[in-house]
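# Residue-level structure breakdown
Each chain is listed here by its residues.
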Amino acid sequence: MSVKKPACLVMIAMLVVMWGLVGCGDDDKSPTAAEGVSSRAYKGHANDQDMNDLVAVYPGIAGTRLDDCHLCHTGGEVTSGGKTRTKNACDFCHYLPFPDEEATGQPATYEQTLNPYGLDYKKAGRNKDALRSIGETDSDEDDFSNAEEIGDGKYPGDANSKPGQQTALMRILDLNALRALPAHTEFLLVNSHRQRTDFYATYKGVKIVDLLEAAWVNLSDITGITVIAPDGFMKDFDGDVLTGKYPNGLFYSGLDAETLGEEGGFVNYPAAIPEGLGFGSGIPDEPWLMLAYERDGAPVETSY
């Protein structure tokens, strides 16, 4: 998780739980030598071949911070609703399929989502030979070749990232440390455009505001945070949602397949529903931005 501040960037590395409601890493699922090296970057694009080509040419970066979309893509400043926000590479690129009609500064072409290294890679042919051919090129013009920067774990498309720089300070919290913080529980509806059905569930975890305080972050000047998943996918949250709760949710029963039929049902319900909830009832749990480690009393699914 990175914390956005007016003058600096504080990095917080967490070993256990990442964005979404998913759990800790499991290196047992990493590619073995017999299987060949493959990218661990975010899966789900129309073509994931780019990252697999990259780790084939530079196998040492598999599973590192360079093994994600940010290596070739860039973020940007987008103005909407009178506010200008710096969008991370994932959110910035997603304006292409999901444009904001009121926003300015959003990308209009695929090339506008690429940093200098990504542009050079695309121009060179967008394959393994292209990566090799631009190895000695200095795409971001910081006096280091692309191969030198990648070898040192730095971004070849960002002039502010270069070999020899000190690694950002970290505060590492494992699952035991998270469980030692004040626990927060929420019963809520989880909906996703990638699933046909939504579901109600009770999540237990830690409020992000409590997590940041435990990591010694001064909350008074935070403008936002970027949460980074194990596979490199990023999501931005504005600072105002950290220190205040969301509006309370409502509970609606009878929207499952048992009531509406297999074709009409679109909500799954847990075995245990909090007492006192009926159709249209307000859910009393305060909804905060949180980091969850349990769902309905069981550990959340493992990710890696």
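So, here's what we can say about the structure.

Here is what the cut-offs are and how they apply
Residues numbered from 1 in each chain as written. Predicted model: local features only at pLDDT ≥ 70, side-chain atom pairs only at ≥ 80, totals over all residues. Heavy atoms only, no water. Helix = DSSP H or I, 4+ residues; strand = E, 2+ residues; numbered from the N terminus. Buried < 20%, exposed > 50% of the residue type's maximum accessible area, 1.4 Å probe, protein only. Contact = heavy atoms within 4.5 Å. Areas by Shrake-Rupley, 256 points an atom, 1.4 Å probe, with all protein chains shown as cover. Lys, Arg positive; Asp, Glu negative; His and termini not counted. Salt bridge = Lys/Arg side-chain N within 4 Å of Asp/Glu carboxyl O. Phe/Tyr/Trp six-rings, centres within 6.5 Å; stacked < 30°, edge-to-face > 60°. Lys NZ or Arg CZ within 6 Å of the ring centre and 35° of its normal. Core = buried A, V, L, I, M, F, W, Y, C linked by side-chain atoms within 4.5 Å. Patch = residues over 30% accessible without salt bridge, like charges linked within 9 Å, V, L, I, M, F, W, Y side chains within 5 Å. Disulfide = S-S within 2.5 Å.

Along its length, the chain carries 8 helices and 13 strands. A total of 304 residues make up the chain; the buried ones form 40% of that total. When contacts within the chain are restricted to residue pairs at least 6 apart in sequence, those whose partners lie at least 24 apart make up 58%. Of the roughly 16500 Å² of accessible surface on the chain, 51% is carried by carbon and sulfur atoms.

Bringing unusual backbone geometry into the picture now. Within the chain, tryptophan 216 stands out as a residue other than glycine whose phi angle is a positive 65°. Among the structural elements, tryptophan 216 can be located in the loop between helix H7 (208-214) and strand S7 (224-228). At aspartate 296, a position not held by glycine, the phi torsion is positive, near 50°. Mapping aspartate 296 onto the fold places it in the loop between strand S12 (290-295) and strand S13 (298-299).

Next up on the list: the side chain of glutamate 149. Tracing the sequence through the fold places glutamate 149 in helix H5 (residues 146-151). Despite being buried, glutamate 149 has no salt bridge partner; lysine 162 is the closest side chain of opposite charge, sitting 7.7 Å away. Not counting residues within four places of it along the chain, the set of residues in contact with glutamate 149 comprises Asp138, Asp140, Asp142, Phe144, Lys154, Tyr155, Pro156, Asp158, Ser161, Lys162 and Pro163.

The subject of this paragraph is the packing of aromatic side chains. Summed over all chains, the structure comprises 6 aromatic pairs. Centre to centre, the rings of phenylalanine 187 and phenylalanine 251 are 6.0 Å apart; their planes meet at 45°, and the pair counts as tilted. Taken together, the residues span a long stretch of sequence, with phenylalanine 187 in strand S5 (residues 184-190) and phenylalanine 251 in strand S9 (residues 250-251) at a distance of 64 residues. Summarising the burial analysis for this pair, phenylalanine 187 and phenylalanine 251 share the class buried. Judged by centre distance (5.7 Å) and plane angle (10°), the ring pair of tyrosine 200 and tyrosine 269 falls under stacked. Of this pair, tyrosine 200 sits in strand S6 (residues 198-207) while tyrosine 269 sits in the loop between strand S10 (267-268) and strand S11 (281-282); the two residues are 69 residues apart in sequence, bridging distant segments of the chain. Since its relative accessible area comes to 22%, tyrosine 269 is described here as partly exposed. A cation over an aromatic ring shows up here: arginine 171 above the ring of tryptophan 216, its NZ or CZ 4.2 Å from the ring centre.

Grouped together as the largest cluster of nonpolar side chains are 19 residues, with contacts concentrated most on Leu178, Ile208, Leu211, Leu212, Ile225, Leu242 and Leu289. Sorting the residues of this core by element identifies H7, S7 and S12 as the ones contributing at least two each. Residues within four places of leucine 242 in sequence aside, it is in contact with Ile208, Val209, Leu212, Ile222, Ile225, Trp288 and Leu289. Ranked by size, the runner-up nonpolar core spans 17 residues in total, among them Leu54, Tyr117, Tyr121 and Leu131.

Moving on, we come to a nonpolar patch on the surface. Together, Leu250, Tyr252 and Phe279 make up an exposed nonpolar region whose accessible area comes to about 310 Å². Here tyrosine 252 shows up in the loop between S9 and helix H8 (257-264). What makes tyrosine 252 partly exposed here is its relative accessible area of 31%.

In this section: the side chain of serine 145. Residue position: serine 145 is located in the loop between helix H4 (128-133) and H5. With relative accessibility at 8%, the residue serine 145 sits in the buried group.

Glancing now at the pattern of salt bridges. Applying the stated criterion across every chain yields a total of 7 salt bridges. The shortest N-O distance in the salt bridge between arginine 132 and aspartate 129 comes to 3.1 Å. Of this pair, arginine 132 and aspartate 129 both sit in helix H4, 3 residues apart, roughly one helical turn. The residue arginine 179 makes a salt bridge to glutamate 294 at a minimum N-O spacing of 3.2 Å.

Across all of its chains, the model carries 0 disulfides by this definition. Looking at cysteine 72, it has no disulfide partner, and the nearest cysteine sulfur is the one in cysteine 69, 9.0 Å off. For cysteine 72, a relative accessible area of 14% corresponds to the buried category. Here cysteine 93 stays unpaired: no disulfide links it, and the sulfur of cysteine 69, its closest cysteine neighbor, is 7.7 Å away.

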